[in-house]
Amino acid sequence: GGIITQTPKFLIGQEGQKLTLKCQQNFNHDTMYWYRQDSGKGLRLIYYSITENDLQKGDLSEGYDASREKKSSFSLTVTSAQKNEMAVFLCATSGWGGFEQYFGPGTRLTVL
Amino acid sequence: GDSVTQTEGLVTVTEGLPVMLNCTYQTAYSDVAFFWYVQYLNEAPKLLLRSSTDNKRTEHQGFHATLHKSSSSFHLQKSSVQLSDSALYYCALNTGANTGKLTFGHGTILRVHP
């Protein structure tokens, strides 16, 4: 087994502010994902990374940057926070073959 | 692109009765795999069921689902729901890429009442 840690658990920022969310995993999984969870809209993929230093855009990448400097960590940056993107951001990982994704506990973003 | 459609919104069921949560999909790929994830209140989503074999029933924790490629469906069923089954359920599609990238539906909330 393994653990996925997301920090912070709650993130409060001002409109227009640049904000960074972090994810750490000890599964030793190759692929990591960032999803945004909005009520009634499901899980939408923002970015994913299949190995260290790789980045792939998902369906919702506009307004976000990502960074995968180490296999075990994956960061997401909101480049300019907007009130309409208050949501829960979930990090996930999967091993080679990728059939099962393991999710972290999430970061809840509030924009004032 | 790929898409997954689930039963909309909230499904309310009386404890002990059966339930079916619908999931249909559209994809141009024939090599597909399907997943049901469950998310309990204040917890992370976790895998409930998965299948990539056409017409084969898959079961876990009393839930079952059968992938039917002929009707593009992977409905989730349980014959007798419990209060503890109340949660948010997501259906998801993988189209064979080794990255494991999934396309999720919008989710269905199942509320079981006494």
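Think of each chain on its own: its residues are numbered from 1, step by step along the sequence as written. Whichever chain is written first becomes A and whichever ligand is written first becomes 1, with later ones labelled in order. Given that the model is predicted, a residue must reach a pLDDT of at least 70 before its local features are reported, and side-chain atom pairs must reach 80 or more before they are shown or counted; all residues, however, enter totals for whole chains, interfaces and linings. As a convention, hydrogens and water are excluded, and side-chain values are obtained from all of the structure's heavy atoms.

Caption draft 1: Looking closely at the overall build of chain B. Only DSSP runs of H or I covering at least 4 residues are called helices, and only runs of E covering at least 2 are called strands; the numbering of each starts at the N terminus. Summing up its helical and strand segments, chain B has 0 helices and 12 strands in all. Overall, chain B shows an N-to-C arrangement of helices and strands of β-β-β-β-β-β-β-β-β-β-β-β. Our radius of gyration looks at C-alpha atoms and nothing else; its globule reference is 2.2 Å times the residue count to the power 0.38. Relative to the compact-globule value of 13 Å for 114 residues, chain B shows a C-alpha radius of gyration of 14 Å, a close match. Seen along its three principal axes, the alpha-carbon backbone of chain B occupies a region of about 40 × 30 × 20 Å.

Caption draft 2: Quick peek at the interface of chain A and chain B. Each partner contributes residues to the interface: chain A has 22 residues there, and chain B has 19 residues. For the pair chain A and chain B, the summed buried area comes to about 1700 Å², and 57% of that belongs to carbon and sulfur atoms. Its largest share of buried area at the contact with chain B, chain A owes to A:Leu43, A:Phe99 and A:Phe103, together 30% of the area lost on that side. Basic side-chain nitrogens of Lys or Arg form a salt bridge, by our definition, when they fall within 4 Å of a carboxyl oxygen of Asp or Glu. Scanning the region where chain A abuts chain B turns up 1 salt bridge. B:Arg50 is paired through a salt bridge with A:Glu100; the nearest N and O atoms lie 4.0 Å apart. Those elements that provide at least two residues to the side of chain A that touches chain B are β4 (31-38), β5 (42-49) and β9 (87-94) of chain A. The nonpolar class holds Ala, Val, Leu, Ile, Met, Phe, Trp, Tyr, Cys and Pro. Asp, Glu, Lys and Arg form the charged class, and all remaining residues, Gly among them, are polar. Taken together, the residues of the side of chain A that touches chain B break down into 11 nonpolar, 9 polar and 2 charged. Residue contacts follow a heavy-atom distance rule, with two residues in contact if any of their heavy atoms lie within 4.5 Å. Put simply, buried area is how much 1.4 Å-probe accessible surface two parts lose in total, over both of them, once they are put together.

Caption draft 3: Representation of the sheet that holds strand β1 (residues 4-7) of chain A. Residues and elements named next belong to chain A. Pairing in this open sheet of 4 strands is antiparallel, and the strands run β1-β3-β8-β7 from one edge to the other. The open sheet has two edge strands with one neighbour each: β1 and β7 (64-70). Adjacent strand axes in the sheet meet at a mean angle of 15 degrees when their direction is disregarded. Pairing of β7 with strand β8 (residues 73-78), which is carried by 5 bridges, proceeds in the antiparallel orientation. Among the inter-strand pairings, Asp65 is bridged to a residue of β8, identified as Thr77. The rule for pairing is simple: two strands pair if DSSP sees at least two bridges between them. To define axes, lines are fitted to C-alpha atoms, for helices over the stretch in contact only, and angles between the resulting N-to-C directions are given on a 0 to 180 degree scale.

Caption draft 4: Layout of the side chain of A:Gln101. Turning to its location among the elements, A:Gln101 is positioned in the loop between β9 and β10 (102-103). Identification of polar contacts relies on pairs of N or O atoms within 3.5 Å, with a donor-acceptor requirement for protein atoms, meaning one able to donate a hydrogen and the other able to accept it, and with residues adjacent in sequence counted only if both atoms are side-chain atoms. Within polar-contact distance, the side chain of A:Gln101 engages the side chain of A:Tyr35 at 2.8 Å. Filtering out sequence-adjacent residues up to four positions away, A:Gln101 remains in contact with A:Tyr33, A:Tyr35, A:Ala92, A:Thr93, A:Ser94, B:Tyr37, B:Gly100, B:Lys101 and B:Leu102.

Caption draft 5: Quick look at the packing of aromatic side chains. Residue and element names in this part refer to chain B. Stacked, tilted and edge-to-face pairs are distinguished by plane angle, under 30 degrees for stacked and over 60 for edge-to-face with tilted covering the rest, among Phe, Tyr and Trp rings (Trp via its six-membered ring) whose centres lie within 6.5 Å. One pass over the full model with this rule turns up 15 aromatic pairs over all chains. Measuring from ring centre to ring centre gives 5.7 Å for Phe34 and Phe74, while their planes differ by 40 degrees; the resulting arrangement is tilted. Of this pair, Phe34 sits in strand β5 (residues 33-39) while Phe74 sits in the loop between β8 (63-66) and β9 (76-78); the two residues are 40 residues apart in sequence, bridging distant segments of the chain. No difference in accessibility class separates Phe34 from Phe74, as the two residues are buried. Exposed residues in this analysis have more than 50% of their type's maximum accessible area, buried residues have under 20%, and partly exposed residues fall in between, with area computed by a 1.4 Å probe over protein chains only.

Caption draft 6: Region of the structure containing the state of the cysteines. We call a pair of cysteine sulfur atoms a disulfide when they lie within 2.5 Å. Applying the stated criterion to the full structure yields 2 disulfides over all chains. Between the sulfur atoms of A:Cys23 and its disulfide mate A:Cys91 the distance is 1.9 Å. Judged by the sign of its S-S torsion, about -75 degrees, the cystine formed by A:Cys23 and A:Cys91 is left-handed. Taken together, the residues span a long stretch of sequence, with A:Cys23 in strand β3 (residues 19-25) and A:Cys91 in strand β9 at a distance of 68 residues. Residue classification places A:Cys91 among the buried positions, given a relative accessible area of 0%. In this model, B:Cys23 is linked to B:Cys91 through a disulfide, with the two sulfur atoms separated by 1.9 Å. Measuring handedness by torsion sign, the sulfur bridge of B:Cys23 and B:Cys91 sits at about -70 degrees and is left-handed. A residue pair is termed long-range when its members are at least 10 positions apart, and B:Cys23 in strand β4 (residues 23-26) and B:Cys91 in strand β10 (residues 87-94) qualify at 68 residues.

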